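# Examination of the molecular architecture
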Amino acid sequence: MEHKYNRWIMGTAVGIVAIAAMIDHTRHTLPTAQPNDIVIIDDETDASPCSLDVSPCSLD
């Protein structure tokens with residue numbers, strides 16, 4: 001009979017924790033979207049990223 005009470009206690013505890021986790025998860029809001037800073041590169045010398053001599057993305 002004691003095992004039955006232990007199962008009820010553990011089941012109740014796990015259920016309460018699961019409900020609390022769901023409530024906490026829904027309370028977090030997404031951050032506001034920030035505008036993207038678009039950089040337009042006109043000069044070919046500045047076209048390679050990370051100060052590399054040759055752009056790693058080009059197949060030239």
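Coordinates for the structure precede this section.
Everything numeric in this text was worked out from a predicted model, so none of it was measured.

Looking only at helices and strands, the chain has 1 helix and 0 strands in total. Across the 60 residues in the chain, those meeting the buried criterion constitute 2%. Just so you have it, the chain exposes about 6500 Å², and 62% of that area is on carbon and sulfur atoms.

Compared with an ideal rise of 1.5 Å per residue, which puts 26 residues at 38 Å, helix H1 (residues 2-27) spans 38 Å between its outermost C-alpha atoms and is within 8% of the ideal. Among the 26 residues of H1, 0 are classified as buried, and the element is accordingly described as predominantly exposed.

What follows is about a nonpolar patch on the surface. On the surface, a cluster of nonpolar side chains totalling about 300 Å² of accessible area is made up of Ile19, Met22 and Ile23. Counting through the fold element by element, isoleucine 23 comes out in helix H1.

Here is what the cut-offs are and how they apply
- Residues numbered from 1 in each chain as written.
- Predicted model: local features only at pLDDT ≥ 70, side-chain atom pairs only at ≥ 80, totals over all residues.
- Heavy atoms only, no water.
- Helix = DSSP H or I, 4+ residues; strand = E, 2+ residues; numbered from the N terminus.
- Buried < 20%, exposed > 50% of the residue type's maximum accessible area, 1.4 Å probe, protein only.
- Areas by Shrake-Rupley, 256 points an atom, 1.4 Å probe, with all protein chains shown as cover.
- Expected span 1.5 Å × (residues − 1).
- Patch = residues over 30% accessible without salt bridge, like charges linked within 9 Å, V, L, I, M, F, W, Y side chains within 5 Å.
- Salt bridge = Lys/Arg side-chain N within 4 Å of Asp/Glu carboxyl O.

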